[in-house]
Amino acid sequence: MEPEKRGASVGDDCSFDLDQMPDVQMTGVTGDHLPVFSERLKQRLTYSMAWTPEVSDLEDWKARARAKIWELTWQTPDRTGFDPEIVDEIDRGDFIARKIAFNLTRDSRVIGLLLLPQGKGPFPATVFYHDHGSKFDIGKEKLISPWDGPDKLHSAQGWADRHFSGRFPGDELARRGYVVLAVDALGWGDRGPLTYDGQQALAANFANMGSSLAGLMALEDTRAAEFLASMPEVNKQQIASAGFSMGAFRAWQAAALTDTITATVAVNWMATAKSLMVPGNNQLRGGSAWHMAHPGLIQFLDYPDVASLVAPRPMLVFAGREDRLFPVSSVTEALQKMGGVWAAWQRADCLDSKIWPGAHVFEAEQQDYAFDWLDRQFSRS
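Residues numbered from 1 in each chain as written. Predicted model: local features only at pLDDT ≥ 70, side-chain atom pairs only at ≥ 80, totals over all residues. Heavy atoms only, no water.

## Examining the layout of surface pockets
Part 1: Approximately 1,100 Å³ is the volume found for the largest pocket.
Part 2: Taken together, 41 residues make up the lining of the largest pocket; nearest its centre are Met277, Ala293, His294, Pro295 and Ile298.
Part 3: By residue class, the composition of the lining of the largest pocket is 24 nonpolar, 12 polar and five charged.
Part 4: Of the pockets and cavities examined, the second largest pocket occupies roughly 410 Å³.
Part 5: Forming the walls of the second largest pocket are 22 residues, and the residues nearest its centre are Gly133, Ser245, Asn282, Leu325 and His360.
Part 6: When residues of the lining of the second largest pocket are assigned to their parent elements, the largest contribution, three residues, is made by helix 3 (residues 150-163).
Part 7: Class assignment of the residues belonging to the lining of the second largest pocket gives a composition of nine nonpolar, 10 polar and three charged. (1 Å grid on protein atoms, 1.4 Å probe; cavity = no way out; pocket = protein on both sides within 12 Å on 5 of 7 lines; lining within 4 Å. Points joined across faces, edges and corners; volume = space filled by probe spheres on them. Nonpolar A, V, L, I, M, F, W, Y, C, P; charged D, E, K, R; others polar. Helix = DSSP H or I, 4+ residues; strand = E, 2+ residues; numbered from the N terminus.)

See the structure below:
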């Protein structure tokens, strides 16, 4: 008895009748390197651990969501002593600028740039996180003016001219009486060299070793804040996180993961995940995304859900109306979602935002607005 034949028949000459081709997927990847079924994947995202009005115990929700993020970073708790030492310092009039070596983690002893106001503390403080920008020769020097050679200063000043109205935001904040710390993320500045294409290899190598590049950045950024809090010159009740672009992501992520941070300024990185995973968005290029992609996290929490773990502490979010990386409609959607969480804490006034007319920049007027806001949070104005 012959077996039942399924599908198109094959003749004696082994030819296949193309008119009877079964209905199967003949392409799998779009020109933007998305799977052709990406819309189906996005429709399945329900963000099962996000805040909803049905949440009755905010503290419990926050603890469970934070624990889930830490789980997905693939990092282990690190309580290594910081063991700081001064490497170099210069007097800049209003403040002292130092290079300081310390144990960022159990695996990495790094050089940070630290600005200390003149006078007697303790002072308010800010850990300033640098951006991505596909510019790896400098990291911390994007925010604090370097003094170790003309080449680095030239590179840093060019970045400041392009994005910060020629200013170094960390120096500006130090002139206001803040202790400021900036540290290179892995791959930037003293912790390079990294290339744009090399990010994917670096991320894959972390995964192959049972770790995560994005997870490491999250751990290091919380450790940087904790190091700042350990300094005797710092008021432990007045520690801010701040950043521009990827630095903004780092600022609200760190604040979500540690209560050491008591106020947050996030400039030009806030949106919903679904709105960023669309053709033409920078998030699809596979470069900078590796530093911000915790495997599986988006099944549980959207970006604004993670940022909402900062509540009820004060947070300021900026966006640019002409910023092509973060469409205003998506920013607005994310802020509305976040607003519900602050309102649930009965602290709606502690979430502030402003959409500026420009693009992806942190210009002098914006800096002054942000730093005035920070002064108000710390009762300094």
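## Some details on the environment of Ala214
Part 1: Structurally, Ala214 is set in helix 6 (residues 213-229).
Part 2: Judged by relative accessible area, which is 1%, Ala214 ranks as buried.
Part 3: With 116 residues separating them in the primary sequence, Ala214 and Ser330 have C-alpha atoms 23 Å apart.
Part 4: Not counting residues up to four positions away in its chain, the partners in contact with Ala214 are Trp290, His291, Met292, Ala293 and His294. (Buried < 20%, exposed > 50% of the residue type's maximum accessible area, 1.4 Å probe, protein only. Contact = heavy atoms within 4.5 Å.)

## Observations regarding the packing of aromatic side chains
Part 1: Applying the stated criterion across every chain yields a total of 17 aromatic pairs.
Part 2: Geometrically, the ring pair formed by Tyr178 and Phe378 is tilted, given 6.4 Å between the ring centres and 40° between the ring planes. Pair noted here: Tyr178 is in the loop between helix 4 (169-175) and strand 5 (179-183) and Phe378 is in the segment after helix 11 (364-377), with a separation of 200 residues, a long-range link. Each member of the pair, Tyr178 together with Phe378, is buried.
Part 3: In this structure, Lys99 is placed above the aromatic ring of Trp147, and the distance from its NZ or CZ to the ring centre is 5.8 Å.
Part 4: The lysine or arginine in question, Lys142, covers the ring of Trp159, its NZ or CZ lying 4.6 Å from the ring centre. (Phe/Tyr/Trp six-rings, centres within 6.5 Å; stacked < 30°, edge-to-face > 60°. Lys NZ or Arg CZ within 6 Å of the ring centre and 35° of its normal.)

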